[in-house]
Amino acid sequence: MRRPFTAPWRADARFAALGFAVSLLAILMIGVIGARVAPVHGHWIAPVWWPLSPFARWDSAWYYRIAVYGYFRPAAYVFSPLYPLVVHALHAVTRLPFVTAGIVSSWAADLAAIVLLARLWREQAGEVLMRRALVLLLAYPSAFFLVTMYAESLYLLLSVGVY
């Protein structure tokens, strides 16, 4: 039987939020410094406030176009429709630009997934291993994809939410 959310829930959420913030700040600093030192030419760069531009490159263009125009050509069919729907819905509700809505939705889904993972890992392995696992998840090089305008954070949230 599942236990109701108790006091450790708040501590787990604080630890997860702090880890998310530190990870996001580190990725932002690396992205901004990298964009200034070695600018990217020839790849899609989103029409977004420049510090957020590292979070919206490459395949973000596909998600952006699908959110704005729908499935506009057959090559777009390889991208799942749920994430562009979420981005479009967030844009419709908040009137944020599409790219900013995509980044915000990825950040929110990533934070929610990390909090749920913290709770799940605490139940399964205890506090020490939960903290180690979260640090490793957030420090792993591919954690970058969880905070960009990609669908990975949403699908991580949905996968964790099943448990």
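Right, let's walk through the structure included here.

Reading guide: rules and limits
Residues numbered from 1 in each chain as written. Predicted model: local features only at pLDDT ≥ 70, side-chain atom pairs only at ≥ 80, totals over all residues. Heavy atoms only, no water. Core = buried A, V, L, I, M, F, W, Y, C linked by side-chain atoms within 4.5 Å. Buried < 20%, exposed > 50% of the residue type's maximum accessible area, 1.4 Å probe, protein only. Helix = DSSP H or I, 4+ residues; strand = E, 2+ residues; numbered from the N terminus. Contact = heavy atoms within 4.5 Å. Phe/Tyr/Trp six-rings, centres within 6.5 Å; stacked < 30°, edge-to-face > 60°.

On to the nonpolar core, then. Ranked by internal contacts, the top residues of the largest apolar core, which has 32 residues, are Phe 55, Tyr 83, Val 87, Ile 103, Leu 134 and Met 149. Broken down by secondary-structure element, the contributors of at least two residues to this core are α1 (7-37), α2 (60-69), α3 (82-94), α4 (98-125), α5 (127-139) and α6 (152-161). Considering every element that reaches this core, the biggest residue donor is α4, with eight residues. Beyond its immediate chain neighbours, meaning those up to four positions away, Tyr 83 contacts Tyr 63, Gly 102, Ile 103, Ser 105, Ser 106, Thr 148, Met 149, Tyr 150, Ala 151, Leu 154 and Tyr 155.

Before going further, it helps to examine unusual backbone geometry. The residue Arg 95 is not glycine, and still its phi comes out positive at about 65°. Within the element layout of this structure, Arg 95 appears in the loop between α3 and α4. We classify Arg 95 as exposed; its relative accessible area is 61%.

Turning our attention to the packing of aromatic side chains. Going through the model one piece at a time under the given rule, you end up with nine aromatic pairs. Ring geometry for Trp 62 against Phe 72: centres 5.8 Å apart, planes inclined by 15°, an arrangement best described as stacked. In this pair, Trp 62 is assigned in helix α2 and Phe 72 in the loop between α2 and α3, connecting sequence segments 10 residues apart. In this structure Trp 62 comes out as buried when scored by relative accessible area, which is 18%. Both rings, one in Tyr 63 and one in Tyr 150, keep their centres 6.4 Å apart while their planes meet at 45°; by these two values the pair is tilted. Taken as a pair, Tyr 63 in helix α2 and Tyr 150 in the loop between α5 and α6 lie far apart in primary sequence, 87 residues in all. An aromatic cluster of at least three residues, connected via ring pairs, comprises Trp 62, Tyr 63, Phe 72, Phe 79, Tyr 83, Phe 144, Phe 145 and Tyr 150.

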